[in-house]
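Descriptive analysis of the structure
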Amino acid sequence: MEAVSALQKTDPARAAEMLEHSLAITRSGLGETRRAILALRAAPLEDLGLRGALESLARSSAERFGWELHLDLAEELNGLTPEVEHSLYRIVEEALRNAGDHAAARRLDLSLRRVDSTLELTLADDGAGFTYDPAALDDRFGRGGRHERARSIGGDLSIDTPLGRGTRLRLVLKEPA
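Quick notes on the rules
Residues numbered from 1 in each chain as written. Predicted model: local features only at pLDDT ≥ 70, side-chain atom pairs only at ≥ 80, totals over all residues. Heavy atoms only, no water. Helix = DSSP H or I, 4+ residues; strand = E, 2+ residues; numbered from the N terminus. Areas by Shrake-Rupley, 256 points an atom, 1.4 Å probe, with all protein chains shown as cover. Patch = residues over 30% accessible without salt bridge, like charges linked within 9 Å, V, L, I, M, F, W, Y side chains within 5 Å. Salt bridge = Lys/Arg side-chain N within 4 Å of Asp/Glu carboxyl O. Buried < 20%, exposed > 50% of the residue type's maximum accessible area, 1.4 Å probe, protein only. Pairing = 2+ DSSP bridges. Axes fitted to C-alpha atoms, helices over the stretch in contact; angles between N-to-C directions. Contact = heavy atoms within 4.5 Å. Core = buried A, V, L, I, M, F, W, Y, C linked by side-chain atoms within 4.5 Å.

With that settled, consider the overall build of the protein chain. Of regular secondary structure, the protein chain possesses four helices and five strands. Taken from N to C terminus, the helices and strands of the protein chain fall in the order α-α-β-α-β-β-α-β-β. Carbon and sulfur atoms form 51% of the exposed surface of the protein chain, whose accessible area is close to 11,000 Å².

Right, dumping it as structure tokens:
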């Protein structure tokens, strides 16, 4: 772009040609980036559906961290938008990673149920817990990121984590009628 700017006064035709070439490269790169992001978002969800993707994620995490795993995932989770599915998946993914890295848990329970027109996600472990202050959420992708994701889909996320008594994450999402 600096070369285009420099040539604009002395060789406007060449500057226009370089500008068009730069725009084409930028558009192509943007298209590739969008395709890559879509592939990262959709792969487990597209291949397995939300229920299967969550089950696979939880089982692989349980194996990796040595947890006793208890799953209660609704058989039918149809009708959710891709944004809701993606956000639920990423919230669970982050919570599982944190439980494995920090909680020293032996047991993990994951539940995703429909109750009337409400979707309820619960993830609980029997680990160490941590000091949690919802008013002090920061911009990191962990705690603050989960809350931001939940809000972006109209959900209410709560975390109960008494020290020494595990952590319980609960997301309630009112589904549109």
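On the surface, Met1, Leu19 and Leu23 cluster together to form a nonpolar patch covering roughly 270 Å² of accessible area. Along the chain, the position of Leu19 falls in helix α2 (residues 12-65). Judged by its relative accessible area of 31%, Leu19 falls in the partly exposed class.

Glancing now at the sheet that holds strand β2 (residues 107-115). If you walk across this open sheet you meet the five strands as β1-β2-β3-β5-β4, and the pairing is mixed. Of all strands in the sheet, those with a lone pairing partner are β1 (68-73) and β4 (155-160), marking the two edges. The mean angle between the axes of side-by-side strands here comes to 5 degrees, regardless of whether they run parallel or antiparallel. Lying over the sheet, helix α3 (residues 82-103) contacts β2, β3 (118-125) and β5 (167-174), oriented at roughly 10 degrees with respect to β3.

Once that is clear, we can look at the pattern of salt bridges. Under the defined criterion, the tally for this structure stands at eleven salt bridges. One salt bridge in this structure joins Arg14 and Glu17, with 2.9 Å as the shortest N-O distance. Note that Arg14 and Glu17 are positioned in helix α2 at a spacing of three residues, about one turn of the helix. Judged by relative accessible area, which is 37%, Arg14 ranks as partly exposed.

Judged by nonpolar contacts, the single largest core of 35 residues is most densely connected at Leu88 and Leu121. The biggest single contributor to this core is α3, with nine residues. Sequence-distant contacts of Leu88, defined by excluding residues within four places in its chain, comprise Leu50, Leu80, Leu119, Leu121, Ile153 and Leu171.

The next thing to look at is unusual backbone geometry. Note on backbone geometry: most residues besides glycine have negative phi, and most peptide bonds are trans. Although it is not a glycine, Ala104 adopts a positive phi angle of roughly 55 degrees. In this fold, Ala104 is placed in the loop between α3 and β2. Relative accessible area serves as the criterion here: at 68%, Ala104 is assigned to the exposed category. For Asp116, which is not a glycine, the phi torsion comes out positive at approximately 55 degrees. We classify Asp116 as exposed; its relative accessible area is 78%.

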